[in-house]
Amino acid sequence: MNIIKNGILITPEGEKRADLAYEDGRIVRIGDIVPGDGDEVTDASGCYVYPGFIDGHTHLDLEVAGTVTADDFDSGSRAAVAGGTTCVVDFATQYKGDTVLNALETWKKKAAGKARCNVAFHMAVCDWNEQTKADLPALREAGVTSFKVYMAYDTALTDAEILEVLEAIKPFNGILGCHCENGGLVAELQKEQLAQGHTEPWAHPLSRPAEVEAEAVSRFCYLGALAGMPVNIVHLSTKLGLEEVRKARKRGQTVYIESCPQYMLLDDSNYSRPGFEGAKYVCSPPLRKQADIEALKEAVLNGEVDTIATDHCSFSYAKQKIAGRDDFTKIPNGAPGIEHRVAVMMHIFGDSLKPSDYCRLMSENPAKVFGMYPKKGALAVGSDADITVWDPNETWTIHASDMQQNVDYTPFEGMEIHGRAKYVIVNGVLAAQDGKPTDAVAGRYVCR
Ligand code: URP
Ligand code: ZN
Ligand code: ZN
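In this text the structure is predicted, and so the values were computed from the model without any measurement. (Residues numbered from 1 in each chain as written. Chains lettered and ligands numbered in written order. Predicted model: local features only at pLDDT ≥ 70, side-chain atom pairs only at ≥ 80, totals over all residues. Heavy atoms only, no water.)

*Asks:* When you look at empty space enclosed by the protein in this model, what are you seeing that I'm missing?
*Replies:* Taking a probe equal in size to a water molecule and rolling it over the atoms shows the remaining empty space. Taken as a whole and assessed by the stated rule, the structure comprises 3 cavities of 30 Å³ or more. Considering only enclosed or pocket space, the largest cavity measures out at about 110 Å³ in volume. Residue assignment for the lining of the largest cavity shows that the elements contributing at least two residues are strand E18 (387-397) and strand E19 (416-426). Ranked by the residues each element gives to the lining of the largest cavity, the list is headed by E19, at 3 residues. (1 Å grid on protein atoms, 1.4 Å probe; cavity = no way out; pocket = protein on both sides within 12 Å on 5 of 7 lines; lining within 4 Å. Points joined across faces, edges and corners; volume = space filled by probe spheres on them. Helix = DSSP H or I, 4+ residues; strand = E, 2+ residues; numbered from the N terminus.)

*Asks:* Hey, could you run me through helix H3 (residues 130-141) in this one?
*Replies:* Every α-helix winds through 3.6 residues per turn, so residues three or four apart in the chain are directed the same way. Among the residues of H3, those classed as buried are Thr 132, Asp 135, Leu 136 and Leu 139. Angularly, the buried residues of H3 cover 140° about the axis, an arc narrow enough to put them on a single face. Summarising the geometry of H3, the exposed residues directed more than 90 degrees from the buried face are Glu 130, Ala 134 and Glu 141. Capping of H3 at its N-terminal end is provided by Asn 129; its side-chain oxygen lies 3.0 Å from the backbone amide nitrogen of Gln 131. In the stretch just after H3, Gly 143 is the one whose phi turns positive, near 105°. (Buried < 20%, exposed > 50% of the residue type's maximum accessible area, 1.4 Å probe, protein only. Arc of directions from axis to C-beta. Polar contact = N/O pair within 3.5 Å; in protein donor to acceptor, adjacent residues only side chain to side chain.)

*Asks:* Help me understand the sheet that holds strand E6 (residues 40-43) in this model?
*Replies:* Consider a sheet: its strands pair through backbone hydrogen bonds, and that pairing is either parallel or antiparallel. Reading across from one edge, E5-E4-E1-E6 is the order of the 4 strands in this open sheet, with mixed pairing throughout. Of all strands in the sheet, those bounded by a partner on one side alone are strand E5 (26-31) and E6. Taking each pair of neighbouring strands and ignoring which way they run, the sheet shows an average axis angle of 20°. (Pairing = 2+ DSSP bridges. Axes fitted to C-alpha atoms, helices over the stretch in contact; angles between N-to-C directions.)

*Asks:* Got a minute to help me understand the layout of surface pockets in this structure?
*Replies:* Space inside the largest pocket adds up to approximately 770 Å³. What lines the largest pocket is a set of 35 residues, among which Val 64, Ala 65, Tyr 153, Asp 154 and Asn 333 lie closest to the centre. Per element, the largest residue contribution to the lining of the largest pocket is 4 residues, and it comes from helix H5 (residues 183-195). Considering only residue class, the lining of the largest pocket consists of 16 nonpolar, 12 polar and 7 charged. Around the second largest pocket, the lining residues are Tyr 48, Tyr 50, Met 346, Gly 350, Asp 351, Leu 353, Lys 354, Pro 355, Tyr 358, Trp 390, Pro 392 and His 418. Its residues placed into classes, the lining of the second largest pocket shows 8 nonpolar, 2 polar and 2 charged. Among the domains, domain 1 (2-49 + 382-393 + 415-437) and domain 2 (53-369) are the pair contributing at least three residues each to the lining of the second largest pocket. (Nonpolar A, V, L, I, M, F, W, Y, C, P; charged D, E, K, R; others polar. Domains from an automatic or database assignment.)

*Asks:* Whenever I open this one, the site of ligand 1 confuses me. Can you help?
*Replies:* The environment of ligand 1 is formed by 13 residues, the closest being His 59, Lys 148, His 179, Ser 284 and Asp 311. Residue His 59 places a side-chain N or O atom 3.1 Å away from an oxygen atom belonging to ligand 1. At 2.7 Å from an oxygen atom of ligand 1 is found a main-chain nitrogen or oxygen belonging to Ser 284. Its free accessible area being 270 Å², ligand 1 has 96% of it covered by the protein chains. Structurally, ligand 1 is housed in the largest pocket. For the shell around ligand 1, the per-class residue count stands at 4 nonpolar, 7 polar and 2 charged. (Near = heavy atom within 4 Å. Areas by Shrake-Rupley, 256 points an atom, 1.4 Å probe, with all protein chains shown as cover. Sits in = over half its atoms within 2 Å of the grid points.)

*Asks:* Hey, could you run me through unusual backbone geometry in this one?
*Replies:* In the segment running from Ser 284 into Pro 285, the intervening peptide bond is cis, with an omega of 0°. Along the chain, Pro 285 turns up in the loop between strand E16 (255-259) and helix H9 (290-301). Pro 374 follows Tyr 373 through a cis peptide bond whose omega is 0°. Of note, the phi angle at Tyr 153 is positive, near 75°, even though the residue is not glycine. Topologically, Tyr 153 is positioned in the loop between strand E13 (146-150) and helix H4 (159-169).

*Asks:* Can you walk me through the pattern of salt bridges in this structure?
*Replies:* Tallying each qualifying case throughout the model produces 27 salt bridges. Put simply, Glu 13 and Lys 16 hold a salt bridge, and the shortest N to O gap is 3.4 Å. Using a relative accessible area of 61% as the deciding quantity, one classes Glu 13 as exposed. Look at Lys 16 and you get partly exposed, because its relative accessible area is 32%. Ionic pairing is found between Lys 191 and Glu 188, a salt bridge with its closest N-O pair at 3.7 Å. Taken together, the residues Lys 191 and Glu 188, both in helix H5 and 3 residues apart, mark about one turn of the helix. Judged by relative accessible area, Lys 191 falls into the exposed class, the value being 56%. Note on Glu 188: relative accessible area 35%, which makes it partly exposed. Salt bridges here are not isolated pairs; linked through shared partners, they connect Arg 26, Lys 375, Lys 376, Asp 384 and Asp 386. (Salt bridge = Lys/Arg side-chain N within 4 Å of Asp/Glu carboxyl O.)

*Asks:* What is the right way to look at the coordination of the zinc ion (ligand 2) in this model?
*Replies:* Geometry reference: four tetrahedral donors at a metal, ideal angle 109.5 degrees. Six octahedral donors, ideal angles 90 or 180 degrees. Taken together, Lys 148 (NZ), His 179 (ND1) and His 235 (NE2) make up the full set of protein donors to the zinc ion (ligand 2), lying 2.1 to 2.5 Å away. On the primary sequence, the residues serving as donors to the zinc ion (ligand 2) are separated as K-x30-H-x55-H. A separation of 3.6 Å is found between the zinc ion (ligand 2) and the zinc ion (ligand 3). Placement of His 179 in strand E14 (residues 175-179) and of His 235 in the loop between strand E15 (231-233) and helix H8 (239-250) is noted, with a sequence separation of 56 residues between them. The same class applies to His 179 as to His 235, namely buried. (Donors = N, O, S within 2.8 Å, 3.2 Å for Na, K, Ca; no water.)

*Asks:* When you look at the domain arrangement of the protein in this model, what are you seeing that I'm missing?
*Replies:* By a frequent convention, interface size equals the accessible area lost on bringing the separate parts together. Here the domain parsing of the protein yields domain 1 (2-49 + 382-393 + 415-437) and domain 2 (53-369). Taken together, the 19 residues of domain 1 in the interface contact 19 residues of domain 2. Our enumeration of links across domain 1 and domain 2 arrives at 0 salt bridges. Remark: the boundary between domain 1 and domain 2 carries 4 residue pairs in polar contact (both at pLDDT 80 or more). Those elements giving two or more residues to the side of domain 1 that touches domain 2 turn out to be E18, E19 and strand E20 (429-433). In terms of residue count, E19 provides more of the side of domain 1 that touches domain 2 than any other element does, 6 residues in total. Of the residues belonging to the side of domain 1 that touches domain 2, the class tally is 13 nonpolar, 3 polar and 3 charged. (Contact = heavy atoms within 4.5 Å.)

This is how it looks when you write it as structure tokens:
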């Protein structure tokens, strides 16, 4: 048996000063545990013991924008465990002409033998047709309970198709997330910016203003209402979009909100950095105004935000972002974050959120919304031994030169952080210690 002693456990019943034992990948006891012969003891004095953190929104090894993301399941999962994340829900993506079942197999192969954290998959449905519809029950049987559609990019579905997806996943209580940006408006506003000679990264947020998100959020909520289904708004970034969710919730709808640390910390002034530096922050939706940041933070503090993910989608600044040097619309969209989510959230919110809040936003709720609770997301007897021992007393600074992410920058460069993942356990195996991965490749596919 392995025993974690002297820590403060963050359990579904609240904080508990207790020991925790795990064996064969499962939590077997919580309480006052006297180690026996052969037991291995980890001292967690002064530390919080969390159920392993879950990042519900990552893009690893994704071919997009004529390139492939800088992080695959090797570097991405190294980064995840280094930062305290024991499970990611990545986006298996159905390209046009492909089937969703084949897309799942493709993504399982990408992760196989590489993942240091557990991996579940949402299915990004990008080619809606009779075959896709017919394959959904088998996809559910294969462990996929959550889906994503886009309202923008060349992966976008029409409103009618999105409604059909919602209706098709209803029989098995699937949950649909949506990239809420009005793609038609984005294309038009991009054209307007380029016509005015605005080719630099600072034109990116001007082509995707808050209204573009809010309109799409409102539309997706109404599609959910028509289908009689809950919906999940992914990477919410604006006050206007938040107000649309509030309206839908007032109408009685279940609308989950996911947001990301970058939208609560970094504003759109970053796009005007000297030279081409602004390209590092080109993600969609874009970084916003200070008023949006404040509104989202308030929503987190009020309990209106359900999950915090990263939308980790990394591209090398020198080698990949540079494709948009003369045209901001050609900058691959996305930014890295998988390694620093927990640390940055604690940097933003400090003691204004309690350990149980961090647990709810970054472990418990992602597990609940995506059908993994209480196997994941809970410190309870019988749950998987995915555990993050967090030392709140360690101080360190984020540097790209000292991270696991396979990318040449981080949007959080130079940030001083208080607290660090001391021990990160995946399926009962030590996957990282003091911010560095061990040799263990212990991640498994999470069949939900
Ligand atoms: O810019 C971003 N976020 N790229 C990743 C794909 C998405 O929209 O989630
Ligand atoms: Zn998206
Ligand atoms: Zn995304």
